[in-house]
Structures are given as C-alpha cells and as structure tokens.
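An overview of the molecular structure
Each chain, written out:
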Amino acid sequence: MTTDQSKLEAINQALRAQRQLVRQLDDQQASLERQLQGLTGDSAGWAADTDPALGHVLEAFHALLGSLTESLSQGDAAQLLARCAAELLPDTTGAIFVDQAGVEPANRAIAAWRGAELLTDPNALHYECTEDQAAHRLNIEAQGLYLGVVELRPLSPGRALRAREQQTLQMLASAAGLALATHTLRYRLRHRNVRDPLTGLFNRRYAEDTLERELHRAQRHQLPLSVVLIDLDRFEAYNQRHGQNAGDRMLQAMSDLLQHSFRGSDICARAAGQRFLLVLPEAAIRDAIERANDLRRELAKVRVHLRGLHLPAMTVSMGVAGYPEHADSSDDLMAAADAALQLAKHSGGNTCALAEKVPLSPHNE
Ligand SMILES: Nc1nc2c(ncn2[C@@H]2O[C@H](COP(=O)(O)OP(=O)(O)OP(=O)(O)O)[C@@H](O)[C@H]2O)c(=O)[nH]1
C-alpha cells in the first residue's frame with residue numbers, strides 16, 4: 001500500500017466512525033446520514049485522483065477528519081479548517097463564516113488565515129461577505145442545509161485561482177460541512193430530551209416544566225413572571241409558496257433571533273409547528289410587552305436566502321400574560337396567553353395582545 005493509499009484508508013476509517021455516530025440518531029435525523037454518505041462519496045472521488053501533489057492535501061485532510069471523531073465545538077472545527085487552509089493554500093488569505101440560523105449570508109468570520117499564518121482574530125481581515133470579484137466563495141452545506149461559507153482570495157491582487165487551489169477549496173468546504181454537521185449532531189444527541197431537533201430550542205415539555213418551577217419561585221419570592229406565546233403569521237401559505245425547506249429555514253431563523261434577543265435565564269421553546277413559547281422569569285408585563293415588540297421589529301429584518309432568492313420577511317402574532325396579574329397557575333397562565341394570541345390573530349396578525357384576567361374556575365373559588 002502506498003502512503004497515499006494508507007492515508008485514504010485512514011480517511012475512510014474516520015468516515016466510518018462518523019457514520020457509527022450517525023446511526024445513534026432517531027428517524028428524524030436519518031437525512032443527515034444520507035448527507036454524510038454523500039460526503040463519503042466525495043472523498044472517494046478525491047481518492048481517485050492519483051496526482052502525487054495531492055498527497056500533501058490528503059495528509060492535512062486526513063488530520064482534519066481524524067479530529068472530527070472527537071468532540072469539537074463549531075469554533076474549534078472552523079479553527080482547524082483554517083489551519084488546514086493556511087497550510088494548503090499558502091498564497092491566499094481567507095476566512096470561514098459560520099451561519100447560526102440557516103439564513104444567508106453568514107456575516108461573522110469565526111476563523112481566518114493570511115498566507116501561512118492562522119489569524120487569532122478572524123475579524124482582523126475585515127471581511128464582509130459582500131460581492132467581491134477577487135473573492136472565491138463556496139457554500140458549506142450538509143443535510144441539505146446551508147451552514148456557512150468558506151472564502152478565499154489570492155494574496156497577490158489580480159491573480160486567478162489555480163486549479164489545485166480550487167480543488168482544495170472544494171475539499172475544505174466539504175470537510176467543513178462534515179465538521180459542522182457533526183457538531184450539530186452531537187449537540188442534538190446530548191440534548192434530545194429537552195431540545196427541539198429542528199431549531200435547537202427547548203421543547204414544549206421542558207418549557208412547561210420550567211414554567212411550573214419558575215412560577216413557584218416567583219410566588220415564594222413575590223416576583224413577577226411573564227409568558228409570551230408567539231405564532232408566525234400565515235406560515236402555511238409561506239410553506240406552500242416557497243417550499244417546506246424555506247419554512248424550516250424560517251423556523252431556524254426565528255429561533256436564532258429568539259436566542260439572541262433574550263437573556264440566558266429566559267426560556268425560549270418551540271411549542272409546536274410555527275409556535276414558540278417564552279418564559280420570562282422576573283419580567284413584569286410591561287417589560288415583556290416591550291421585549292415582544294422589539295422582537296417583532298427585529299423579525300421584520302430577517303429574510304431567508306434560498307437558491308439565490310431573498311424570501312419575504314414574516315410577521316408574528318403574540319399573546320402576553322403575566323403573574324400575578326392574569327393567573328396564578330401555569331395552566332391558567334398558558335390559557336391566558338393563548339387567548340391573547342387568538343385576539344392578536346383575529347385582529348389581522350403582526351401585533352402583540354395582552355391577556356385578560358382568567359376568571360377563577362369553580363374549584364378555585
Ligand atoms: N416547514 C415546516 N412547516 C411546518 C412545521 N410544523 C408545522 N408546519 C406547517 O405550519 C403550517 C401551520 O398552518 P396554520 O396552523 O394554518 O397556521 P398559519 O398558516 O400560520 O395561519 P395563521 O396562524 O392563522 O396565521 C402547516 O402548514 C404545517 O404543515 C415544520 O417543522 N416545518
């Protein structure tokens with residue numbers, strides 16, 4: 001066996017280990033396995049290239065795949081890829097952008113290189129994912145999802161990219177897809193009892209259990225607590241017009257916005273379909289309404305980018321209810337928020353409605 005063949009065998013071993021991990025997933029994640037098999041096919045394609053100059057590329061790629069079987073954060077995986085790029089593409093400068101929400105364009109470089117140097121501050125390149133003739137970009141994709149971009153430019157202005165560099169860029173993008181998909185996969189495996197697989201938000205059961213607990217705490221310490229039910233408006237029509245994939249991306253974009261807009265101690269959950277639940281401990285109703293309306297305004301700026309098209313922004317309807325004003329049990333609080341949400345829907349959507357006090361049920365009177 002030549003050195004290159006043994007490296008390729010090791011690459012395939014790493015991919016086999018990768019697939020073992022995939023097998024632990026439930027049916028919902030079967031699409032990921034198909035994607036990984038696709039990537040294995042890609043790597044076999046590279047194996048068919050007998051050009052000896054490829055040996056160096058294979059060696060770095062082998063090191064990369066080997067480390068994918070370890071638990072890597074997204075940032076670590078991107079750093080590793082950038083280190084490979086710095087070594088394999090010494091006459092270039094470039095960066096890896098990771099998208100958090102499945103919404104293009106990814107605009108935060110999380111790893112970068114300049115020549116053979118790995119940059120500790122990826123933003124030192126002042127990269128922006130804007131149209132730029134000198135930049136060569138490839139999308140990072142896996143599971144049919146857009147995960148980010150790898151971008152590079154020749155160091156000498158005006159130089160065209162060599163065929164070998166283009167090939168290496170392609171390999172890096174595929175490896176990045178594998179690395180990022182692996183990260184998502186591990187995250188889902190670790191959190192699957194409490195997280196929604198599509199969005200990574202908490203699931204409804206977890207949010208309701210937390211609401212129960214937080215409500216007891218609020219009662220004990222005489223603190224306020226608010227819940228917000230959020231529903232994307234006319235989501236069925238969006239799905240029908242732009243496709244299920246676009247709908248899924250919108251749900252992911254929405255969840256990303258929620259995670260960035262609320263405190264770590266707040267609970268953001270996907271309650272069902274296109275419905276989200278926020279539990280805001282210690283938030284008085286007025287604060288909750290203010291934050292809900294901020295979210296509504298921010299959502300107006302979010303647009304899914306799919307197959308080269310910027311899809312239209314969406315709106316949400318929201319219902320807000322608070323302890324102690326509206327109810328003092330979690331069921332009643334949820335019912336009050338739900339009734340407020342229906343009010344918001346009936347008024348035409350894109351609005352936030354406040355609950356009315358829930359009448360005491362006979363057994364409470
Ligand atoms: N893409 C995608 N669609 C989903 C998902 N879960 C639920 N849906 C769709 O969401 C749509 C919800 O439709 P409706 O309940 O009528 O809500 P709506 O169209 O937003 O109408 P209003 O709430 O009255 O504005 C249905 O077509 C579901 O198939 C999902 O995970 N991904």
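Residues numbered from 1 in each chain as written. Predicted model: local features only at pLDDT ≥ 70, side-chain atom pairs only at ≥ 80, totals over all residues. Heavy atoms only, no water.

The name that an unreviewed UniProt entry assigns to the protein is diguanylate cyclase, with the source organism given as Alkalilimnicola ehrlichii. The UniProt entry for the protein carries this comment under Catalytic activity (unreviewed entry): "2 GTP = 3',3'-c-di-GMP + 2 diphosphate". (UniProt positions renumbered as here; feature names shortened; annotations may be inferred.)

What to know about the pattern of salt bridges
In the structure shown here, the tally under the stated rule is 17 salt bridges. A salt bridge links R162 to E165; its shortest N-O distance comes to 3.2 Å. Judged by its relative accessible area of 42%, R162 is partly exposed. Under the relative-accessibility criterion, E165 is labelled buried at 5%. (Salt bridge = Lys/Arg side-chain N within 4 Å of Asp/Glu carboxyl O. Buried < 20%, exposed > 50% of the residue type's maximum accessible area, 1.4 Å probe, protein only.)

Description of the sheet that holds strand β13 (residues 352-354)
Strands sit in the order β6-β8-β9-β7-β12-β13 across an open sheet of 6 strands; the sheet is mixed. On the outer flanks of this sheet lie β6 (202-203) and β13, each paired with one strand and no other. Summarising the sheet, β6 and strand β8 (residues 267-272) pair through 2 bridges and their orientation is parallel. Counted as the bridge partner of N203 is R270 from β8. In this fold helix α10 (residues 330-346) packs onto β7 (225-232), β9 (275-281), β12 (316-323) and β13, with an angle of close to 150 degrees to the strand it touches most, β12. (Pairing = 2+ DSSP bridges. Helix = DSSP H or I, 4+ residues; strand = E, 2+ residues; numbered from the N terminus. Contact = heavy atoms within 4.5 Å. Axes fitted to C-alpha atoms, helices over the stretch in contact; angles between N-to-C directions.)

A look at the packing of aromatic side chains
For the coordinates displayed, the defined rule picks out 2 aromatic pairs. Each ring, one from F202 and one from Y206, has its centre 4.3 Å from the other, and the planes form 20 degrees; the classification is stacked. You can call Y206 partly exposed: its relative accessible area is 25%. The ring of F202 carries R195 above its face, with NZ or CZ at 4.0 Å from the centroid. (Phe/Tyr/Trp six-rings, centres within 6.5 Å; stacked < 30°, edge-to-face > 60°. Lys NZ or Arg CZ within 6 Å of the ring centre and 35° of its normal.)

A closer look at the confidence of the model for the protein
On average, residues of the protein score 79 in pLDDT, and 68% of them are at 70 or above. Across the protein, the secondary-structure element scoring lowest on mean pLDDT is helix α2 (residues 30-47), at 49, and the one scoring highest is β7, at 98. pLDDT under 50 marks residues 24-29. Its contacts with residues more than four places away, or in other chains, come to 9 contacts. Throughout residues 360-365 the model reports pLDDT below 50, and contacts reaching past four residues in sequence, or to other chains, amount to 2 contacts. (pLDDT = per-residue confidence, 0-100.)

What about the environment of G94?
Along the polypeptide, G94 turns up in strand β1 (residues 92-98). You can call G94 buried: its relative accessible area is 0%.

A few points about the packing of helix α6 (residues 204-221) against α10
Two elements in contact, α6 and α10, have axes separated by 9 Å at closest approach and are oriented at 120 degrees. Once α6 is placed against α10, the crossing between them reads as right-handed. On α10, the residues that touch R204, E208, L211, E212 and L215 of α6 are S330, L333 and M334. Across the contact of α6 with α10, the residue classes break down as 4 nonpolar, 1 polar and 3 charged. (Left-handed = near helix turned anticlockwise from the far one by under 90°. Nonpolar A, V, L, I, M, F, W, Y, C, P; charged D, E, K, R; others polar.)

Points about the sheet that holds strand β4 (residues 136-142)
In spatial order, the strands read β3-β2-β1-β5-β4; together these 5 strands make up an open sheet with antiparallel pairing. One side of each edge strand has no neighbouring strand; the edge strands of this open sheet are β3 (117-119) and β4. Taken over all neighbouring pairs, the strand axes of this sheet differ in orientation by 20 degrees on average, direction set aside. By the bridge criterion, 7 bridges tie β4 to strand β5 (residues 145-154) in an arrangement that is antiparallel. Directly across from H136, in β5, lies its bridge partner L152. Against the sheet, helix α4 (residues 74-88) contacts β1, β2 (109-114) and β3, and its axis sits at roughly 15 degrees relative to β2.

Re the nonpolar core
One finds V228, I230, L232, M254 and L258 to be the most contacted residues of the largest nonpolar core, which totals 32 residues. Secondary-structure elements contributing two or more residues to this core are β7, α7 (235-242), α8 (244-261), β9, α9 (285-299) and β12. No other element matches α8, which puts 7 residues into this core. Setting aside its immediate chain neighbours within four residues, L232 contacts L251, M254, Q274, F276, L299, M314, T315, V316 and K345. In terms of nonpolar packing, the next biggest core, distinct from the first, is built from 26 residues, L81, V98, L152 and A181 among them. (Core = buried A, V, L, I, M, F, W, Y, C linked by side-chain atoms within 4.5 Å.)

Looking at α10
With 17 residues, α10 extends 24 Å from end C-alpha to end C-alpha; this agrees with the ideal 24 Å at 1.5 Å per step. Where α10 is buried, its residues contact α6, β7, β9, β12 and β13. Directly beyond the C-terminal end of α10, a positive phi value near 110 degrees is found at G348. (Expected span 1.5 Å × (residues − 1).)

Some words on the packing of α8 against α9
Where α8 meets α9, the axes come as close as 11 Å, and the angle between the chain directions of the two elements is 135 degrees. Classified by the angle between their axes, α8 and α9 sit oblique to one another. Crossing handedness for the pair α8 and α9: right-handed. Contacts between α8 and α9 involve M250, M254, L257, L258 and S261 from the former and L295, E298 and L299 from the latter. Here the residues of the contact of α8 with α9 sort into 6 nonpolar, 1 polar and 1 charged. (Parallel < 35°, antiparallel > 145°, perpendicular 65-115°, else oblique.)

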